[in-house]
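These are the residues of each chain, in order.
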Amino acid sequence: MSSTLNLTSSDVARLLQDASASSRLRTVEKVAHAYRATGLSPSEREIANDIFRVMMRDAAARVRHSLAENLKHCPDVPRDVALVLANDVIEVAASFLQSSEVLTEDDLIQSVTSQSPEHQVAVACREHLGAPVADALVERGSEAAVAALMENQTAAVSERALQRALDRFGDRERVHGPMVYRSKLPITVAERLVTLVSNLLCERLLTHHDLPPSIAADLVLQSRERAVMSLSAGAGRTDVASLVTQLHEHGRLTPTIVLRALCTGGL
C-alpha cells in the first residue's frame, strides 16, 4: 500500500462531480506524481488509471495538458489513455507525441497521416525516430514537418526518404538547409543538394549582379562540377556508380565533368 496516496473508488466519483478545473488540475498532478513514483498498490493503480480516463475527456484543455505532461515519460500508461492524449489538440498532444514510449511506430504513422501539420512536427522532433515513421513524414508530412525531420539528427532517415524530401521540397531552404548539416549524407543526395544550391546561386547572380546569363551559367557549372568531383573522391565503387547513373539520368553527366574525372584518374 502506498505511503504517499490512498486511492478509492470514491475518488473517481468525487472527480466526476467536481466543477472546479483548478481542483481537477491538482488531482491530476497528485495522482500522476504517485503513479510515476510506482508506490501504488495494484488496486490503487487501477483506480489511478480510471481517474486518468476521466481526465483525458476533461473539457478544460489545461487539465488534459497537465495529464499529458505528467504521463509522457511513464512507460506503463494504458494505451487507450496514451492514444487519446496523442490525438488531442496540439496544445495537449505535442509533448506527449515527442516523448511517450507507449506510442508505437504504427501509432505515430497514424498521427502523421490523420492529424494536423503541428502534430506531424511534434512526431518529427522525437529522439531516435525510426525509419518507417520518417518515411511517412517525407511522404505525407507538411513542409514544416519535413524541415523538422531534417533538423532531427537522431532520426533514421534513409536515402530514399532524403531523395523524396528533395522531390517534394527541394526548392525550400528550410528543408534543404538543415539537410546539408546532417551527420551523414549519401553521395547521390549530396550531389542533388550541390545542384540545388548551384541553381539558386545562378539565380542570385543574374538578379543581383550585372552578369550576362552565359557567364553566370558557366561560373555556376564549373563550381558545381568541382564540387561533384570532390564528393566522388574517396567514395566506394558502388556509390560512384550510383552517382554516375543519377548524373546521366538527369542530364548532368556533361563532357566537361567526364574530362575532369579522366584527368584526375577517375576512370
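Look above for the structure.
So, here is what we can say about the structure in this document.

### Observations concerning the overall build of the protein
Check the secondary structure of the protein and you find 16 helices and 0 strands. Buried residues in the protein amount to 45% of all 267 residues. In the protein, once contacts between residues fewer than 6 apart in sequence are set aside, the share between residues at least 24 apart is 63%. Only carbon and sulfur atoms are counted for the fraction: they give 54% of the accessible area of the protein, which is about 14,000 Å².

### Considering the pattern of salt bridges
A complete count under the given rule lists 13 salt bridges for this structure. D80 is paired through a salt bridge with R53; the nearest N and O atoms lie 2.7 Å apart. Of this pair, D80 sits in helix α5 (residues 79-86) while R53 is found in helix α3 (residues 42-55), placing the two residues 27 residues apart along the sequence. Under the relative-accessibility criterion, R53 is labelled partly exposed at 29%. A salt bridge links R174 to E143; the nearest nitrogen and oxygen atoms lie 3.9 Å apart.

### Remarks on the packing of aromatic side chains
This structure, assessed with the given rule, holds 1 aromatic pair. Its end group placed over the ring of Y35, R45 keeps NZ or CZ at 4.2 Å from the ring centre.

### Re the environment of S100
In this fold, S100 is placed in the loop between α6 (90-99) and α7 (105-114). With relative accessibility at 0%, the residue S100 sits in the buried group. Each C-alpha atom, one on S100 and one on A82, is 8.1 Å from the other, the two residues being 18 residues apart in sequence. Discounting chain neighbours no more than four positions away, the residues touching S100 are K72 and R126. Here the side chain of S100 touches V102 through a polar contact of 3.2 Å, landing on its backbone nitrogen.

### Some thoughts on the environment of V189
Residue position: V189 is located in helix α13 (residues 187-208). Sequence spacing of V189 and L162 is 27 residues, and the spatial spacing of their C-alpha atoms is 6.9 Å. Setting aside anything within four residues of it in sequence, one finds V189 in contact with E159, L162, Q163, L166 and M179.

### Details of the environment of Y35
Tracing the backbone through its elements, the reader meets Y35 in helix α2 (residues 21-36). Judged by relative accessible area, Y35 falls into the buried class, the value being 2%. As for Y35 and R45, which are separated by 10 residues in sequence, their C-alpha atoms are 7.1 Å apart. Setting aside its immediate chain neighbours within four residues, Y35 contacts L40, R45, A48, N49, F52, L71, C74, D76, V77 and P78. Looking at Y35, its side chain comes within polar contact range of the side chain of N49, at 2.8 Å.

### Let's talk about the packing of α2 against α3
Look at α2 against α3: their axes get within 10 Å of each other, and the N-to-C directions meet at 145°. The handedness of the crossing between α2 and α3 comes out as left-handed. For the pair α2 and α3, contact is made by R24, T27, V28, V31, A32 and Y35 and by R45, A48, N49, I51, F52 and M55, respectively. A per-class count over the contact of α2 with α3 returns 8 nonpolar, 2 polar and 2 charged.

### Comments concerning the nonpolar core
Judged by nonpolar contacts, the single largest core of 60 residues is most densely connected at L71, L137, L149, M150 and M179. Ranked by residue count, the leading element in this core is α2, at 7 residues. Once you skip the residues sitting within four places of it in the chain, L149 turns out to touch A124, L129, A134, L137, V138, A155, V157 and R182. Grouped together as the second largest cluster of nonpolar side chains are 5 residues, I187, V228, L243 and I257 included.

### Section: a nonpolar patch on the surface
A contiguous nonpolar patch, built from V244, L253, V258, L259 and L262 and spanning about 390 Å² of accessible area, is present on the exposed surface. The greatest single-element share of the nonpolar patch, amounting to 3 residues, is contributed by helix α16 (residues 255-263). For L259, the position within the fold is in helix α16.

### A closer look at unusual backbone geometry
Unusually for a residue other than glycine, H128 sits at a positive phi of about 55°. Relative accessible area serves as the criterion here: at 61%, H128 is assigned to the exposed category.

Scoring rules and cut-offs
Residues numbered from 1 in each chain as written. Predicted model: local features only at pLDDT ≥ 70, side-chain atom pairs only at ≥ 80, totals over all residues. Heavy atoms only, no water. Helix = DSSP H or I, 4+ residues; strand = E, 2+ residues; numbered from the N terminus. Buried < 20%, exposed > 50% of the residue type's maximum accessible area, 1.4 Å probe, protein only. Contact = heavy atoms within 4.5 Å. Areas by Shrake-Rupley, 256 points an atom, 1.4 Å probe, with all protein chains shown as cover. Salt bridge = Lys/Arg side-chain N within 4 Å of Asp/Glu carboxyl O. Phe/Tyr/Trp six-rings, centres within 6.5 Å; stacked < 30°, edge-to-face > 60°. Lys NZ or Arg CZ within 6 Å of the ring centre and 35° of its normal. Polar contact = N/O pair within 3.5 Å; in protein donor to acceptor, adjacent residues only side chain to side chain. Axes fitted to C-alpha atoms, helices over the stretch in contact; angles between N-to-C directions. Left-handed = near helix turned anticlockwise from the far one by under 90°. Nonpolar A, V, L, I, M, F, W, Y, C, P; charged D, E, K, R; others polar. Core = buried A, V, L, I, M, F, W, Y, C linked by side-chain atoms within 4.5 Å. Patch = residues over 30% accessible without salt bridge, like charges linked within 9 Å, V, L, I, M, F, W, Y side chains within 5 Å.

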